[in-house]
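For reference, the chains in residue letters:
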Amino acid sequence: MRPKVAFYWCAACGGCEECIVDLGDDLLRVIEAVEIAFWPVALDYKEKDLQAMPDASLDIAFVNGAVRNVEQKDMAELLRAKAKTIVAFGACAQLGGIPGLANLSDSRAILDTAYGENGAPREEYGVDGETLSLPGLLDAVLPLDGVIPVDYYLPGCPPTPNIVRAAFETLLGPDRPPKGAVLAPDHALCEQCPRRGTRSETLAIHEFRRVQACVIQPDTCILEQGVLCLGPSTRAGCEARCIAANMPCTGCFGPTGRVRDFGAKALSAVASVIDAREDQDVASVVDGIADPAGTFFRYSLPSSFLERKCGK
Amino acid sequence: MSEPQSAVRIGVYTCHCGTNIAGVVDVCALANYARGLPNVAVSRDYKYMCSDPGLDLIRHDIHDHDLNRIVVASCSPHLHERTFRAAVRMGGLNPFLFQMVNIREQVSWVHDDRNLANWKARDLLRAAVRRVARHRPLEPTLIAIHPDVLVVGGGIAGIHAALTLANAGKHVYLVEREPSIGGHMARFDKTFPTLDCAACILTPKMSAVRRHPNITLWTYSEVAALEGYVGNYRVTVTRRPRYVSEDLCSGCLQCIEACVYKQAKVADEFNCGLGKRKPIYLQFPQAVPQVPVIDPQNCIQFKSGKCKKTCIDACGDRHAIDLRMQEEQVTIAVGSIILATGFQAYDARRAACYGYGLYPNVYTALEVERLVNASGPTGGDVILRDGRKPATVGIVHCVGSRDENSNSWCSRVCCMYSLKLAHLIKERTGAEIFNLYIDMRTPGKGFEEFYQKLLNERVHFIRGRVAEVTDWALDSSEEGKLVIRVEDTLAGFVRRIPVDMVVLSTGLEPQADAAEVRRLFNISSSKEGFFLERHPKLAPVNTFTDGVFLAGCCQGPKDIPDTVAQSGAAAAEALAIIDAGHIETEPCTAYVVEEACSGCKTCVSLCPYHAISLLAANGRSAINEALCKGCGTCVAACPSGAIAQNLFEDGEIFEEIEGVLSYA
Amino acid sequence: MPEDFEPRIVGFLCNWCTYLSADLAGTSRLKYAPNGRAIRVMCSGRVDPQFVLDAFANGADGVLIGGCHPGDCHYQEGNYKALRRFKLLQRFLQQMGVEPERVRLEWISAAEGDRLKDVVNDMVRTLKILGPSRIQRKKPIKLPEAS
């Protein structure tokens, strides 16, 4: 009997689904090794198919995307019941991801902004004698483990093919890591970065330069050039693809195992090397980071300590 | 690695501290509360936890109840953390499996509202119980102590400390920035209450310093830089050029005699500007070392290059004078440091109402010391700036002391020295003397008797703070005099007292560069600016920086007996660590979890002690435990959490935060 | 738990300066508001922004970071790092709608017991006006594995 797996997406962009396809030829080996019992994106499965399965009959469910609305919460809970193992697949499921930035606002304000004076869609519509309902927004975006217990995490936005391949091998093999593990190396990206040797031991930043406002030199550490790269804070595993494309790391692989709040730690590390001592001087260097929340908590806001913006 | 939570067994001890804590905090209720917290196996309250029976409670419970963590809720850890850790160790447990809760200095002594104080005490206790569960056994670091000592300041405090240490066989560097040691005491004529001649009791000690094989005396020198930590200090001393070689000079002083300036013309700092000296000079006749100094600001050769250099001729074939001497920087290694940098007198010009600097016959106490001194500018006669001998003298107490407008503290010595000066002036001149005081503070041994003596000498004592000194005469009896206006509070009316001479009893202040000096030595100061002692009663000569001790007025105003006592105490503290050979420091060093480090190098430049470096083999960071001081800055800065701090682990602090706030 | 709103302030106090100033306030028997909860660290440079956020997440109404005056840090420069982190953290907190008065960085030396009293009293006064913290957490806190 081949293990039964499921793929599901919550509040997602589709990139994590694509990365399954990105396995390329290896995808054929995957579908030989497992039976895909549920994959709404690619195959014609419906919710009732999932409901019909006996509990714990799925071996592994890979769930990507953050939890934004009631339907996603319900599906997550259903999958938890039907699957022995839940893997939070990708940054959104692990940390909340980009959709998590909605937590800088609130659902009311978001709907008002999106729909303006036309007003948000009604939650129920009658069509041909049937009632269609739109799932309501939760108060805040949650990572997957905000609604169900999660067994493993696969980091990345999206996880890279190598990480995914390795995850399949690990999860389908005899030696599973302890529950709660993140399936990627447990140290920061600098370990894998080809430019590590060019970062000086005495780096001190007196000005932050934004990516669009300068030309990044290809062979030198990006942080050394004054451009914020979150590589030092971010878990390795992606083999520094963004750096290879001459762009700084934005932190999509999330924190290492010793850090509880990715954004806070990244902020601390960056601030520690600011080259200023007087109140005013520090303030003017810090001004160069236009959007600290968006920069340091780009993928991790819902899983951070504060989770969301304060109430009124 | 910590044990699984179920194996943690905590003993919690709540101290009454008599009524200090129990008067505000309901200690029984707190002990009860602790009993109900997770992992607490034993909870007691006791009157005095730091006493022997209190400490025995801990020791016995560890054994009898198989405890493996201890929490004591009592006073500040700064006071008794060591005491309780020692008791834990005696009980057979690692002393760092211990946490203290401060419910005295930070609760019972500062909060009136009992409900809220108890609420706070419970929160703090809960936090400690959660934190201590995560503590791991640790071993204190041993730091070896270099046996040499640096004494900074060559006044009586520094001299006594240096001699005590040298006599104990330790090598001492005594660094003094004036050309001679002696400090303020060398300027005094007689000392209270015995009227000993200051020079007679000081100069033998000064000579002993010069002769002592274990003392390296560097005068005209200052500490320029300091690196290192207790037991291992590297000090850079700047040796200013005297232009006369200490090794070659025989002390004959013929160079001074022979100087082209036949008359001394330079205002003499030692005599507070009352006398004059030549550009080549000895500070005072008993100066140690007996080696003249050339002052390049006033020496013709330095100013114009065109002097006959009769001084060099007079020196002859000793060739001791070397005008090409350069400033030198010397670096030495010492294990401990005693700061004895003394005080400065309050600048009487700041008390504008007393007319110092305006009226020539207003003097400061130090100036009068020089007048009455036989080796002073007037040979021991009290002669005013206009050449007259005073027939009436007013001595104004508390100038720059006990005053909201200048210094709020009492300078402790001024009442006694004011009495002394009253006696000496009267002895030399037979003048009528008025002491204008606020309170007479004569507490020391023999001091009350000295006061009685002065009362018997018919010195007038008027109780009142002097409002002003003026030369504006209201009638003929005041013409040509200085008039002291003061409310005589005992008689109940305002007086005008015409006198020939006014003496201002100026208070003692921290030295002008006290702030730079304390930063150099990494110590703190109290609000007034005097160097801060670790504890006024339990550790009056220690500072919060291990290995740096205090002696004399740099720590606060005091007289010579107390200075010498304190200086001996400082020497004893230094001797204690030198002879022990090492000290134990708190094992709160940071460490890199090597497999977690990604080699990002963020930490390397953050350490002011250069304790962090990169391993050549894999480019990861490593922390040198001997250099790490345990501040934890690198721990917070590490972007991926690869650096941790013993005793202040992230996990331990999170438990404390969550414990203090959450009622779970 | 008190009936009327009593704000809770978590104070990260450096061992050599601010913690001692609180002790000094104690030995001087100065009276001040009992709303502070001191957490001792060796240096203000140890204060990780994670601690500040964890305090808020657990219900703190205010956070105080106390260190030595610039130039006086017992460990030379730790307080400068604390300042830099604080400034960046302040910007983030503003974006998250946390009122700036809720987090303070104060330089209080070991001799300034009365200053500590004033700072705590001032913070409590301000927080009573601002009201309880408006952080909205839903997820229970997960503690890291003991290592």
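All figures in this text were calculated on a predicted structure; none of them were measured in a lab.

When helices and strands are tallied, chain B shows 17 helices and 34 strands. Dimensions of chain B along its principal axes, counting C-alpha atoms only, are 90 × 70 × 40 Å. For chain B, with 664 residues in total, the buried portion stands at 59%. Across chain B, contacts joining residues at least 24 apart in sequence account for 70% of those joining residues at least 6 apart. For chain B, the accessible area works out to roughly 26,300 Å², and carbon and sulfur atoms hold 50% of it. Put simply, chain B has 70 plus and 74 minus side-chain charges, and the middle of one group is 3 Å from the middle of the other.

Let us look at the interface of chain B and chain C. Taken together, the contact pairs 56 residues of chain B with 60 residues of chain C. For the pair chain B and chain C, the summed buried surface comes to about 5,200 Å²; carbon and sulfur atoms form 58% of the total. When residues of chain B are sorted by the area they lose upon contact with chain C, Trp-109, Trp-119 and Leu-661 of chain B head the list and together hold 13% of the total. Across the contact surface, chain B and chain C share 6 salt bridges. Linking Asp-72 of chain C and Arg-518 of chain B is a salt bridge whose minimum nitrogen-to-oxygen distance equals 3.0 Å. Linking chain B to chain C there are 23 residue pairs in polar contact (both at pLDDT 80 or more). Broken down by secondary-structure element, the contributors of at least two residues to the side of chain B that touches chain C are α3 (77-90), α4 (104-108), α5 (114-132), α14 (514-520), α16 (633-637) and α17 (650-661) of chain B. Broken down by element, the side of chain B that touches chain C gets its largest block of residues, 9 residues, from α17 of chain B. For the side of chain B that touches chain C, the residue count by class is 24 nonpolar, 16 polar and 16 charged.

It is worth spelling out the pattern of salt bridges at this point. Under the counting rule described, the total for this entry stands at 70 salt bridges over all chains. Of the charged contacts in the structure, one is a salt bridge between Asp-44 of chain A and Lys-46 of chain A, with a shortest N-O distance of 2.6 Å. Taking the relative accessible area as the measure of exposure, Lys-46 of chain A reaches 42% and is therefore partly exposed. For Arg-277 of chain A, the salt bridge goes to Glu-77 of chain C, with nearest N and O atoms at 2.8 Å. Separated into two different chains, Arg-277 of chain A in the loop between α9 (262-272) and α10 (279-286) and Glu-77 of chain C in the loop between β3 (62-67) and α3 (78-95) make up a pair that spans both. Salt bridges sharing partners connect three or more residues here, namely Arg-260 of chain A together with Arg-130, Arg-134, Glu-655 and Glu-658 of chain B.

With that out of the way, let us pick up the sheet that holds strand β20 (residues 362-364) of chain B. As a general point, the strands of a sheet are linked pairwise by backbone hydrogen bonds and lie either parallel or antiparallel. Residues and elements named next belong to chain B. Taken together, the 5 strands give an open sheet; going across it, the order is β20-β27-β21-β22-β23, and neighbouring strands pair in parallel fashion. Looking at strand neighbours, the two that pair on one side only are β20 and β23 (460-463), the edges of this open sheet. Strand-to-strand, the axes of this sheet are offset by a mean angle of 25°, without reference to chain direction. Here 5 bridges tie strand β21 (residues 392-399) to strand β27 (residues 501-506), and the two strands are oriented parallel to one another. Bridge pairing links Val-399 to Thr-506 in β27.

A surface patch of nonpolar side chains, amounting to about 330 Å² of accessible area, comprises Tyr-125, Val-127, Leu-132 and Leu-134 of chain A. Note on placement: Leu-132 of chain A falls in strand β7 (residues 130-133).

Covalently bonding the sulfur atom of one cysteine to the sulfur atom of another cysteine gives a disulfide. By the definition in use, this model includes 1 disulfide over all chains. Across a sulfur-sulfur distance of 2.5 Å, Cys-17 of chain C and Cys-68 of chain C are joined as a disulfide pair. As the torsion about the S-S bond is roughly 105°, the Cys-17 of chain C-Cys-68 of chain C disulfide counts as right-handed. Taken together, the residues Cys-17 of chain C in the loop between β1 (9-14) and α1 (18-27) and Cys-68 of chain C in the loop between β3 and α3 connect sequence positions 51 residues apart. Each member of the pair, Cys-17 of chain C as well as Cys-68 of chain C, is classed as buried. Counting only cysteine sulfurs, Cys-398 of chain B is the nearest neighbor of Cys-410 of chain B, a cysteine outside any disulfide, at a range of 6.5 Å. Between Cys-14 of chain C, a cysteine without a disulfide, and Cys-68 of chain C, which holds the nearest cysteine sulfur, the sulfur-to-sulfur distance is 3.7 Å. For Cys-14 of chain C, a relative accessible area of 2% puts it in the buried group.

Looking now at the interface of chain C and chain A. Taken together, the 33 residues of chain C in the interface contact 42 residues of chain A. Per-residue buried area on chain C facing chain A is highest for Arg-84, Leu-88 and Met-96 of chain C; these three make up 20% of the total on that side. Applying the counting criterion to the chain C and chain A interface returns 4 salt bridges. Of all the secondary structure elements, the ones that give two or more residues to the side of chain C that touches chain A are α2 (49-57) and α3 of chain C.

This next bit is on the sheet that holds strand β26 (residues 493-499) of chain B. Residues and elements named next belong to chain B. Strands sit in the order β24-β25-β26 across an open sheet of 3 strands; the sheet is antiparallel. Pairing within the sheet leaves two strands with one partner each, and these edge strands are β24 (466-470) and β26. Each strand axis lies, on average, 20° off the axis of its neighbour in the sheet, ignoring direction.

Residues and elements named next belong to chain C. The share of residues in chain C with pLDDT of 70 or more is 91%, and the mean pLDDT across the chain is 91. The low-confidence segment residues 141-147, where pLDDT is below 50, has 20 contacts with residues more than four positions distant or belonging to other chains. On the interface metric, ipTM, the complex scores 0.94, and its pTM is 0.86.

To continue, consider α9 of chain A. Counting buried positions over the 11 residues of α9 of chain A gives 11, a clear majority of the element. Of the residues making up α9 of chain A, those classed as buried are Phe-262, Gly-263, Ala-264, Lys-265, Ala-266, Leu-267, Ser-268, Ala-269, Val-270, Ala-271 and Ser-272 of chain A. On its buried face, α9 of chain A sits against α11 (292-296) of chain A, α16 of chain B together with α2 and α3 of chain C. Backbone nitrogen of Gly-263 of chain A and a side-chain oxygen of the N-cap are separated by 3.1 Å at the start of α9 of chain A; the cap is Asp-261 of chain A.

Right, let's talk about the packing of aromatic side chains for a bit. If you walk through the whole model with that rule in mind, you get 19 aromatic pairs over all chains. Ring centres of Tyr-8 of chain A and Phe-38 of chain A lie 6.1 Å apart, and the angle between their planes is 25°; on these two criteria the pair is classed as stacked. Of this pair, Tyr-8 of chain A sits in strand β1 (residues 4-9) while Phe-38 of chain A sits in strand β2 (residues 35-38), placing them 30 residues apart in sequence. Pair check on accessibility: Tyr-8 of chain A and Phe-38 of chain A agree, each one buried. Each residue in the set Phe-7, Trp-39, Phe-62, Phe-89 and Phe-168 of chain A is aromatic and connected to the rest through ring pairs, giving one cluster. Across the ring face of Trp-119 of chain B, the terminal group of Arg-37 of chain C is positioned such that the distance to the ring centre comes to 4.4 Å. Residue placement shows Arg-40 of chain C over the ring face of Tyr-19 of chain C; its charged tip is 5.6 Å from the ring centre.

Soluble globular proteins tend to bury their nonpolar side chains together. Counting residues in hydrophobic clusters, the biggest one holds 205 residues, and the most contacted among them are Leu-79, Leu-144 and Phe-296 of chain A, Ile-70 of chain B together with Phe-92 of chain C. Examining the composition of this core, we find that 8 residues originate from one element, α5 of chain B, more than from any other. Taken domain by domain, this core gets at least three of its residues from each of domain 1 (4-100 + 139-172) and domain 3 (189-303) of chain A. Setting aside residues no more than four positions away along its own chain, Phe-296 of chain A makes contact with Leu-228, Leu-230, Phe-262, Gly-263, Ala-266, Leu-267, Val-270 and Ile-289 of chain A together with Leu-88 of chain C. Counting 83 residues, the second largest nonpolar core, distinct from the first, contains Val-151, Val-230, Leu-366 and Ala-571 of chain B.

This part takes up unusual backbone geometry. With an omega dihedral of -10°, the bond running from Cys-157 of chain A to Pro-158 of chain A counts as a cis peptide bond. Relative to the elements of secondary structure, Pro-158 of chain A occurs in the loop between β9 (152-154) and α7 (161-172). Backbone torsion omega between Phe-192 of chain B and Pro-193 of chain B reads -5°, so that peptide bond is classified as cis. Relative to the assigned elements, Pro-193 of chain B resides in the loop between β8 (190-191) and β9 (196-197). We note that Ala-240 of chain A has phi near 60°; this positive angle belongs to a residue other than glycine. Within the secondary structure layout, Ala-240 of chain A lies in the loop between α7 and α8 (241-244). With a phi close to 65°, Asn-246 of chain A is a non-glycine residue in the positive phi region.

Cut-offs applied
- Residues numbered from 1 in each chain as written.
- Chains lettered and ligands numbered in written order.
- Predicted model: local features only at pLDDT ≥ 70, side-chain atom pairs only at ≥ 80, totals over all residues.
- Heavy atoms only, no water.
- Helix = DSSP H or I, 4+ residues; strand = E, 2+ residues; numbered from the N terminus.
- Buried < 20%, exposed > 50% of the residue type's maximum accessible area, 1.4 Å probe, protein only.
- Contact = heavy atoms within 4.5 Å.
- Areas by Shrake-Rupley, 256 points an atom, 1.4 Å probe, with all protein chains shown as cover.
- Lys, Arg positive; Asp, Glu negative; His and termini not counted.
- Charge placed at Lys NZ, Arg CZ, Asp CG, Glu CD.
- Buried area = accessible area lost by both parts, 1.4 Å probe.
- Salt bridge = Lys/Arg side-chain N within 4 Å of Asp/Glu carboxyl O.
- Polar contact = N/O pair within 3.5 Å; in protein donor to acceptor, adjacent residues only side chain to side chain.
- Nonpolar A, V, L, I, M, F, W, Y, C, P; charged D, E, K, R; others polar.
- Pairing = 2+ DSSP bridges.
- Axes fitted to C-alpha atoms, helices over the stretch in contact; angles between N-to-C directions.
- Patch = residues over 30% accessible without salt bridge, like charges linked within 9 Å, V, L, I, M, F, W, Y side chains within 5 Å.
- Disulfide = S-S within 2.5 Å.
- pLDDT = per-residue confidence, 0-100.
- Phe/Tyr/Trp six-rings, centres within 6.5 Å; stacked < 30°, edge-to-face > 60°.
- Lys NZ or Arg CZ within 6 Å of the ring centre and 35° of its normal.
- Core = buried A, V, L, I, M, F, W, Y, C linked by side-chain atoms within 4.5 Å.
- Domains from an automatic or database assignment.

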